[in-house]
Amino acid sequence: MTCQKFCVALLHWEFIYLTTAFNLAYPITPWRFKLSCMPPNTTYDFLLPTGISRNTSNLNEHYEAVVEAKLNSSSTYISNLSSKTTFHCCFWSKEDKNCSVHADNMEGKAFVSTVNSLVFQQIGANWNIQCWMKEDLKLFICYMESLFKNPFKTYDLKVHLLYVLPEVLEESPPVPQKGSFQIVPCNCSVHDSCECHVPVPTAKLNHTLLMYLKITLGGINFQSPLMSVQPINVVKPDPPLGLHMEITDTGNLKISWSSPTLVPFQLQYQVRYSENSSTNVRKANEIVSATSLLIDSVLPGSSYEVQVRGKKLDGPGIWGDWSTPLIFITQDVIYFPPKILTSVGSNVSFHCIYKSENKIVSSKKIVWWLNLAEKIPQSQYNMVGDRVSKVTFPNLNATKPRGKFTYDAVYCCKEQECHHRYAELYVIDVNINISCETDGYLTKMTCRWSTNAIQSLEGSTLQLRYHRSSLYCSDVPSIHPISEPKDCHLQRDGFYECIFQPIFLLSGYTMWIKINHSLGSLDSSPTCVVPDSVVKPLPPSSVKAEITVKIGLLKISWEKPVFPENNLKFQIRYGLNGKEVQWKMYEVYDAKSKSASVPVPELCAVYAVQVRCKRLDGLGYWSNWSSPAYTVVMDIKVPTRGPEFWRIIDEDTSRKERNVTLLWKPLMKNDSLCSVRKYVVKHHTSRNGTWSEDVGNHTKFTFLWTEQAHSVTVLAVNSIGASSVNFNLTFSWPMSKVNTVQSLSAYPLNSTCVLLSWTLTPSDYYLTYFITEWKILNEDSESKWLRIPPSVKKYYIHDHFIPIEKYQFSLYPVFMEGVGKPKTINSFTQDDIEKHQNDAGLYVILLIIISSSILLLGMLLISHQRMKKLFWEDVPNPKNCSWAQGLNFQKITFVFLTIICYGQPRWPSGLVPPSARGVILETRDRVPHWAPCTEPASPSAFHSVMNK
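Structure report, in brief. (Residues numbered from 1 in each chain as written. Predicted model: local features only at pLDDT ≥ 70, side-chain atom pairs only at ≥ 80, totals over all residues. Heavy atoms only, no water.)

## Structural notes on the overall build of the protein
Selection rule: Helical segments are the DSSP runs of H or I of at least four residues, strand segments are the runs of E of at least two, and each set is numbered from the N terminus. Throughout this description, buried means an accessible area under 20% of the type-specific maximum (1.4 Å probe, protein chains only), exposed means over 50%, and partly exposed covers the range between. Only heavy atoms enter the contact rule, under which two residues are in contact if any of them lie within 4.5 Å. For the area figures, the Shrake-Rupley method with a 1.4 Å probe applies, and any residue is considered shielded solely by the protein chains shown.
Counting secondary structure elements, the protein contains five helices and 66 strands. By the burial criterion, 42% of the 948 residues in the protein qualify as buried. Relative to all contacts within the protein whose residues are 6 or more apart in sequence, the contacts with residues 24 or more apart total 63%. Total accessible area computed for the protein in this model is approximately 53700 Å², and 52% of it derives from carbon and sulfur atoms.

Okay, structure coming up:
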């Protein structure tokens, strides 16, 4: 019973001890704090000079000197301690100079006292400690480094961190058991510093982390007091990213950066910067919540150095490390903005501060140039104070690329002195046409746009944005502040295509193209589209085409598409079927109509027909053309006429019979309308009357001519009936002797054409037409024939004629009563042949004469130029000949030249003796002038000249 009571008392005492220890756990601060340890049985009074209290917090320099003097003797004492010695350790910081000591004796009792931290700092082991939570919120870090006066710095240092993290978030967490602490080794470097890592789950960032340090140094163990912290309260952000400085459009220096990517909460930032210029030096330190800071009064030729760090905006936290210093130097000429991106028709302005010879140039002396080629008028200048000059460009035109430069360079100059730096002006035509169409099923709307009309800017991206209103479009489309992007894909034809699906037929879609660039963004003019107004209907279906029988019209029929339900108009195109159809158009405005008929010139041809439709009110687009329909060639009407025919008569004199063979050519489709099933020869005689013979599809028919007069007619028959207009030919014995053709001549014009001419004698018979026959005379070839109108007296026969062959030409007059006597010639007209041959000879002679004349004229011109050049080379130099002084040689023309050689025999023509020393110049007054020369004359001196 006594033992049981003792155990209960012991457990109660242990609980009170642990509770006291937990409540006295040192709260980790967001700033650095120190851990100091001192050996036992050390009095504090030996360090204090007379008259200074033990708990004095404000020590003077004399006190520090005394402590420093005691350090040398105390270090010897500390080095002789055993490894079982336990040091008294405490935490303190700059904000709290008192040191809270907590140490265990061998019996497990605890005592707590407060002493001045300077005592521990000077005679014990001392470390700087800072703990924080990494930005990724996954790792808790404690960093410790020994102070420079640590007497154990030459010994090996080993550090372990023991920690416990409760599973449940509570205001008063349960007291951890002694064995519940987890231990992690710390990484200690050669510079007497250590780093301890504790992994913290994301779900326990708000839990209280309890921990303490065990330090082994030179065989001596140190144990820190218990520490407590909530990891979320000591998050240390990484340095900000992308630190950047630039001159703004208003002339300020903008410092900008981006927050670390892993921070899940908002940060505040501390910015420290220094400015160094020829006239000013300043330093500043500012705290902002935004990711940028503006510095005003920026001067040319100044240097700025900037660093930024971050800290949690709300609640406790730790300042992160400073970013790497960034240095920015302003140039001697500052443009703001340095670059402008704008659209055609806009107005923009540039500002400038000019520094020359360490002095700011007055804005009154600033002039502006464009591309150093065009001085900008002063009417576009404005003075913004004494230092800043402003120029404005109104109603800008698109920039014309100059090689690789896609901008205009704007120069700010001091009168006639210009700095090499310039501002850049980009002007882009953003007039982009967006066209949309709704499909025939009314389920989607496709919009297309092209960038070919605008100047491409390197580094820019284009995006279609739109805003959908509930009903229709406004009268004046405008860019809505709330818009959505639309994915568009580049097609092979260079257009971008975007698809809206599903669509609201009566909603207004306001859309525009946004051009994004590092210099800014531009918007094209907005356009508004109502899907119901841009419908492209489905093409008409069931299209049929035919040529109507007996009427001869092209009839087209179709079925209207199901959508849209609006009234439609139709457009028909038709043409003769072939590789390249020559289309003709025909429109039908009757919305109820489903067919149309149009006249066509050729009834016996295959026509291709297509139909398309569009809303009758004009909105939307024409549909695609329907699939082509084709007509079928079939008989439309009876043949328009029978075939033209002629005859060959084979006379048997012994029997006094004549066999007549009729010849004709097959009817063309335009005459047969559209086919011929058979030909019928109709006979008429005075004795036997009239009868007909079916010859089928043959084009030759022979019959016996026995009576004095025999008339025949050839009819063409198709599926509709027989031809109504036909040619008649009467064979008559008396008429075959009627001679009305007086003369016949054949003139060969070339190998493919012969001119046939004739003269007639008066006749009482009615002439209906002529028939001409021709064939090669020496061959048994078939005769060729042509029908010639009766009113002409010459006719061109086109055929392939061989010049060396002889041809027979015959001309038959055909009368109502019969065929007359023919006129026949067996060769071409001889006079005409000789005339053609003579003409050909004359042409050859004339061509030779013209060629010779041109050649002779060219030789004369070349000779003239050469002789002139040679003569003027040998004309005496006025500097060497006294007689030529003042003589104008430009007014001398060529007459003739003689050489007078005194004391020398005459030389043959064309030769000049080397001793010739002069020429005779004969002027217009026929007075000769002796011209002595300093050099021998040349053959070109055989000329005479005279003044004009």
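## Examining the pattern of salt bridges
Basically, it comes down to this: For salt bridges, the criterion is a side-chain nitrogen of Lys or Arg within 4 Å of an Asp or Glu carboxyl oxygen.
Across all of its chains, the model carries 12 salt bridges by this definition. Between D321 and K236 there is a salt bridge, with the nearest N and O atoms lying 3.0 Å from each other. Highlighted residues: D321 in the loop between β20 (303-312) and β21 (326-329) and K236 in the loop between β14 (227-229) and β15 (241-247), separated in sequence by 85 residues. It is possible to trace a salt-bridge network through shared partners that takes in R448, D493 and E497.

## Topic: the state of the cysteines
Put simply, the test is: Two cysteine sulfur atoms form a disulfide, by the criterion used here, when they sit within 2.5 Å.
Applying the stated rule across the entire model yields nine disulfides. There is a disulfide in this structure between C131 and C142, and the S-S distance comes to 2.0 Å. The chirality of the disulfide connecting C131 with C142 is right-handed, given an S-S dihedral of about 110 degrees. Of this pair, C131 sits in strand β6 (residues 125-133) while C142 sits in strand β7 (residues 139-146), and the two are 11 residues apart along the sequence. Accessibility assignment for this pair places C131 and C142 in one class, buried. The side chain of C352 participates in a disulfide bridge whose partner is C412; the two sulfur atoms lie 2.0 Å from each other. Torsion about the S-S bond of the C352 and C412 cystine: about -75 degrees, corresponding to left-handed handedness. Taken together, the residues span a long stretch of sequence, with C352 in strand β24 (residues 348-356) and C412 in strand β30 (residues 408-414) at a distance of 60 residues. For C352, a relative accessible area of 0% corresponds to the buried category. According to the relative accessible area criterion, C412 is buried, its value standing at 0%.

## Details of the packing of aromatic side chains
Let me state the cut-off plainly: In summary, the pairing rule links any two rings of Phe, Tyr or Trp, Trp by its six-membered ring, whose centres are within 6.5 Å, and it sorts them by plane angle into stacked for under 30 degrees, edge-to-face for over 60 and tilted for everything else. To sit over a ring, a charge needs its Lys NZ or Arg CZ within 6 Å of the ring centre and within 35 degrees of the ring normal.
Per the stated rule, a full pass over the model turns up 27 aromatic pairs. With 6.2 Å between their ring centres and 85 degrees between their planes, F350 and F393 make a pair best called edge-to-face. Of this pair, F350 sits in strand β24 while F393 sits in strand β29 (residues 388-393), and the two are 43 residues apart along the sequence. A ring pair is formed by W705 and F731, whose centres lie 5.6 Å apart and whose planes are at 50 degrees; its orientation type is tilted. Residue W705 is located in strand β53 (residues 700-705), and its partner F731 is located in strand β55 (residues 728-732); the two are separated by 26 residues in the primary sequence. For W705, a relative accessible area of 2% gives the class buried. For F731, a relative accessible area of 2% puts it in the buried group. Every member of this aromatic cluster is reached through a ring pair, and the members are F405, Y407, Y411, Y422 and Y426. When the ring centre of W322 is taken as reference, the NZ or CZ atom of R272 above it lies at 3.9 Å.

## So, the sheet that holds strand β34 (residues 445-450)
Across a sheet, paired strands are connected by hydrogen bonds in the backbone, their directions being either parallel or antiparallel. For clarity, the threshold we go by: Any two strands with at least two DSSP bridges between them are considered paired.
Strand order across the open sheet formed by four strands is β33-β34-β38-β37, with antiparallel pairing between neighbours. This sheet does not close on itself; its edge strands, each paired only once, are β33 (434-438) and β37 (489-490). Across six bridges, the pairing between β34 and strand β38 (residues 495-500) is antiparallel. Each residue of the ladder has a partner; that of S450, found in β38, is F495.

## Details of the nonpolar core
Nonpolar side chains tend to gather and get buried jointly when the protein is soluble and globular. The test is simple: The term nonpolar core refers to a set of buried residues drawn from Ala, Val, Leu, Ile, Met, Phe, Trp, Tyr and Cys, joined through side-chain atoms within 4.5 Å.
Grouped together as the largest cluster of nonpolar side chains are 66 residues, with contacts concentrated most on W127, F140, L161 and M211. The element contributing the most residues to this core is β6, with six residues. Those residues in contact with F140, other than ones at most four positions away along the chain, are I28, C131, W132, M133, C196, H197, V198, V200, L209, M211, V229 and V234.

## As for unusual backbone geometry
Cis geometry marks the peptide bond from Q501 to P502; its omega dihedral reads 5 degrees. Note that P502 resides in the loop between β38 and β39 (509-517). The peptide bond linking L673 to C674 adopts the cis configuration, its omega dihedral lying at 15 degrees. Although it is not a glycine, N395 sits at a positive phi angle of roughly 45 degrees. Secondary-structure assignment places N395 in the loop between β29 and β30.

## Quick look at the environment of V298
With respect to the helices and strands, the residue V298 is situated in the loop between β19 (292-295) and β20. Residues V298 and I247 lie 51 residues apart in sequence; the distance between their C-alpha atoms is 8.5 Å. Not counting residues up to four positions away in its chain, the partners in contact with V298 are I247, G251, N252, L253, Y304, T330, I334 and I353.

## So, the side chain of E707
Put simply, the rule is: By the counting rule applied here, Lys and Arg register as positive and Asp and Glu as negative, while His and the ends of each chain are not counted.
Summarising the element assignment, E707 is placed in the loop between β53 and β54 (709-717). R687 provides the closest opposite charge to the buried, salt-bridge-free E707, at an N-O distance of 4.3 Å. Excluding anything up to four places from it in sequence, E707 contacts T685, S686, R687, N688 and W733.

## As for empty space enclosed by the protein
Heads up, the rule is: We place a 1 Å grid over just the protein atoms. Points where a 1.4 Å probe fits but has no way out form a cavity, open points with protein on both sides within 12 Å along at least 5 of 7 lines form a pocket, and any residue with an atom within 4 Å of a point lines it. Grid points are joined across faces, edges and corners, and a volume is the space filled by probe spheres set on the points.
Summed over the entire model, instances satisfying the criterion amount to three cavities of 30 Å³ or more. Taken as a whole, the largest cavity holds about 50 Å³ of empty space. In this structure, the largest cavity is lined by E644, F645, F727, N728, L729, Y769, I771, W785 and R787. Those elements that place two or more of their residues in the lining of the largest cavity are β55, β58 (767-776) and β59 (784-788).

## A few points about the layout of surface pockets
Selection rule: Classification used: nonpolar for Ala, Val, Leu, Ile, Met, Phe, Trp, Tyr, Cys and Pro, charged for Asp, Glu, Lys and Arg, polar for all others including Gly.
In this structure, the second largest pocket occupies an estimated 530 Å³ of space. What lines the second largest pocket is a set of 22 residues, and nearest its centre among them are E246, I247, P337, P338 and K339. Those elements giving two or more residues to the lining of the second largest pocket turn out to be β15, β21, β22 (333-336) and β23 (339-343). For the lining of the second largest pocket, the leading source of residues is β15, giving four residues. A class-by-class count of the residues in the lining of the second largest pocket yields 12 nonpolar, five polar and five charged.

## Quick notes on the sheet that holds strand β18 (residues 281-288)
Put simply, the test is: Throughout, an axis means a line fitted to C-alpha atoms (over the contacting stretch in the case of helices), and angles, computed between N-to-C directions, take values from 0 to 180 degrees.
In space, the four strands of this open sheet follow the order β18-β17-β20-β21, with antiparallel pairing throughout. Every other strand in the sheet has two partners, leaving β18 and β21 as the edge strands with one partner each. Each strand of the sheet is rotated relative to its neighbour by a mean of 20 degrees, with strand direction disregarded. With 10 bridges joining them, strand β17 (residues 267-276) and β20 adopt antiparallel strand pairing.

## Some words on the environment of P185
Within the secondary structure, P185 is located in strand β9 (residues 182-185). In this structure the C-alpha to C-alpha distance between P185 and L162, which are 23 residues apart in sequence, comes to 8.8 Å. Not counting chain neighbours up to four residues away, the residues in contact with P185 comprise V159 and H160.

## Some points on a nonpolar patch on the surface
The cut-off we apply is this: In this scheme, patches are assembled from residues that exceed 30% relative accessible area and form no salt bridge. Like charges are connected within 9 Å, while nonpolar side chains (Val, Leu, Ile, Met, Phe, Trp, Tyr) are connected within 5 Å.
Together, Y441, V562 and F563 give the surface a local cluster of nonpolar side chains, amounting to about 330 Å² of exposed area. Relative to the helices and strands, Y441 resides in the loop between β33 and β34. Owing to a relative accessible area of 55%, Y441 belongs among the exposed residues under this scheme.

## Describing the side chain of T772
Note the cut-off: We define a polar contact as two N or O atoms separated by no more than 3.5 Å, with the added condition that, inside protein, one atom must be a possible hydrogen donor and the other a possible acceptor, whereas residues neighbouring each other in sequence contribute only through side-chain atom pairs.
Inspection of the secondary structure puts T772 in strand β58. At 3.2 Å, the side chain of T772 forms a polar contact with the backbone oxygen of S810. What T772 contacts, discounting residues up to four positions off in sequence, is L756, K784, W785, L786, I788, I797, S810 and L811.

Geometry only, nothing functional implied.
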